[in-house]
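In case you want the letters, here they are:
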Amino acid sequence: MSLKSYQRKFIEFAISNEILSFGSFILKSGRESPYFFNVGKFNKGSALSAIGKFYADVLHDENQLDFDVVFGPAYKGIPLASSTVIALSEHYKKDVPYSFNRKEIKDHGEGGNIVGAPLKGNILIIDDVITAGTAIRESLAIIKENGATTVGIIVAVDRQERGTGEVSAIQQIKQDYDIPVMSIINLDLIIQYLNEKGGYDEHLSNMKKYRDIYGIKK
């Protein structure tokens, strides 16, 4: 798989803004990872504008995906979904409604736990990463409860890493729900970029070792 232009730009943007860092990081799983992707650093207007464009680029590239509403799971998915629909409108002339959920159901005003467009028709979920898959499964349940259909999920990074079993959380979601899960980049593409760029020999070696130990079977 060769790097597409928007994927290369995304990796470069993530590195230059210290969103993608290399070193030694202890993950929630207890594993020591040679890299870390911190979506929380998309914390200013220019960064949000950029990430929305990258998500929109993937959706334009995967133009066979037919969706009516973009859904951003609380909390990190909310700014990602809103920035994506802005980018779809500005760059691809596609005006798409979006919605998100509250963590707690509101008992006054309009009530309920969904804010924005009603969840009707085909829904696309946008989030940062899928680690254990818990938040995504909650979103899938919310969408189903509202009588809508999830037709796809898009995340920023696929770590291509096994969970407690032999498959990743993303692979498990694909298997359990039979829906496509897309990503802007994945571990293989990061390694490919570092290899082409040069100057990352130590980090590249550590990432390949990590992939050999924890990587998914393809």
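Up top you'll find the structure we're talking about.
Here the structure is a predicted model, which means the values were calculated and not measured.

### Thoughts on the packing of aromatic side chains
Now for step 1: Under the defined criterion, the tally for this structure stands at 7 aromatic pairs.
Now for step 2: Measuring from centroid to centroid gives 6.0 Å for Phe13 and Phe42, while their planes differ by 15°, and the two rings are stacked. Of the two residues, Phe13 sits in helix H1 (residues 5–16) while Phe42 sits in the loop between strand S2 (32–37) and helix H2 (45–61), which places them 29 residues apart along the sequence. Of the two residues, Phe13 and Phe42, neither departs from the other in class, the shared state being buried.
Now for step 3: Aromatic pair Tyr210 and Tyr214: ring centres 4.8 Å apart, planes at 55°, arrangement tilted. One end of the pair, Tyr210, and the other, Tyr214, are both in helix H7 (residues 201–214), 4 residues apart, so they sit about a helical turn from each other.
Now for step 4: Ring pairs connect the aromatic residues Phe10, Phe13, Phe37, Phe42 and Phe54, which therefore count as one cluster.
Now for step 5: Positioned above the aromatic ring of Phe67, the side-chain terminus of Lys94 is 4.2 Å from the ring centre.
Now for step 6: The ring of Tyr35 carries Arg159 above its face, with NZ or CZ at 4.3 Å from the centroid.

### Some points on the pattern of salt bridges
Now for step 1: Following the criterion strictly, the structure yields 10 salt bridges and no others.
Now for step 2: A cluster of three or more residues bridged by salt bridges with shared partners is formed by Arg31, Arg159 and Glu161.

### Thoughts on unusual backbone geometry
Now for step 1: Put simply, Ala74 and Tyr75 share a cis peptide bond, and its omega is 5°.
Now for step 2: In this fold, Tyr75 is placed in the loop between strand S3 (69–72) and helix H3 (77–92).
Now for step 3: We note that Lys93 has phi near 55°; this positive angle belongs to a residue other than glycine.
Now for step 4: In this fold, Lys93 is placed in the loop between H3 and strand S4 (98–106).

Parameters and conventions
- Residues numbered from 1 in each chain as written.
- Predicted model: local features only at pLDDT ≥ 70, side-chain atom pairs only at ≥ 80, totals over all residues.
- Heavy atoms only, no water.
- Phe/Tyr/Trp six-rings, centres within 6.5 Å; stacked < 30°, edge-to-face > 60°.
- Helix = DSSP H or I, 4+ residues; strand = E, 2+ residues; numbered from the N terminus.
- Buried < 20%, exposed > 50% of the residue type's maximum accessible area, 1.4 Å probe, protein only.
- Lys NZ or Arg CZ within 6 Å of the ring centre and 35° of its normal.
- Salt bridge = Lys/Arg side-chain N within 4 Å of Asp/Glu carboxyl O.

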